[in-house]
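Here's the letter readout for the chains.
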Amino acid sequence: PQQPAVLWRNAAGSERRLTFAQVRDESNRVADLLRTLGIGPLDPVILMLPRVPEWQIFTVGALKCGAHGRGLSKGRTDRRGLGEVEDADERRILAE
């Protein structure tokens, strides 16, 4: 549980390390939140955030509640990125 699971470094060189226990605990919170929002098995859901470690936590949390979660970079404001959101079959779109 205390072994590193995620190592993230931003463009400025700052690092964040998350252990398996931290990922487990945070993803459990995400799964509980998604269930509270009515997200359940096989429901598609999209997350819009900058590229941060929370993407991985969200993905694991979505899987824990049976949903199909995917991330879309908040920076994707180009036509293709916005088209993905407009064409998405997601039940919910969560954004920062």
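First, a word on what this report is: a plain description of the structure on this page. (Residues numbered from 1 in each chain as written. Predicted model: local features only at pLDDT ≥ 70, side-chain atom pairs only at ≥ 80, totals over all residues. Heavy atoms only, no water.)

Side note on the overall build of the chain
Part 1: Broken down by element type, the chain carries 3 helices and 5 strands.
Part 2: For the chain, the sequential pattern of α-helices and β-strands runs β-β-α-β-α-β-α-β.
Part 3: Each of the 96 residues in the chain was classed as buried or not, and the buried ones make up 35%.
Part 4: Counted over contacts in the chain with a minimum sequence separation of 6, partners at least 24 positions apart contribute 60%.
Part 5: Surface summary for the chain: the accessible area is close to 6200 Å², and the carbon and sulfur share equals 53%. (Helix = DSSP H or I, 4+ residues; strand = E, 2+ residues; numbered from the N terminus. Buried < 20%, exposed > 50% of the residue type's maximum accessible area, 1.4 Å probe, protein only. Contact = heavy atoms within 4.5 Å. Areas by Shrake-Rupley, 256 points an atom, 1.4 Å probe, with all protein chains shown as cover.)

Details of the side chain of Ser27
Part 1: By the element assignment, Ser27 lies in helix α1 (residues 20–36).
Part 2: By relative accessible area, which is 1% here, Ser27 ends up buried.
Part 3: Leave out the neighbours within four places in its chain, and Ser27 touches Ile57, Val60, Gly61 and Lys64.

Comments concerning α1
Part 1: Taking 1.5 Å of rise per residue, the 17 residues of α1 would be expected to cover 24 Å, and the 24 Å separating its terminal C-alpha atoms lies within 8% of that figure.
Part 2: All of the buried residues along α1 are Ala21, Val23, Ser27, Val30, Ala31 and Leu34.
Part 3: Of the residues trailing α1, Gly38 is marked for its positive phi of about 90 degrees. (Expected span 1.5 Å × (residues − 1).)

All we've got here are geometric facts, nothing functional implied.
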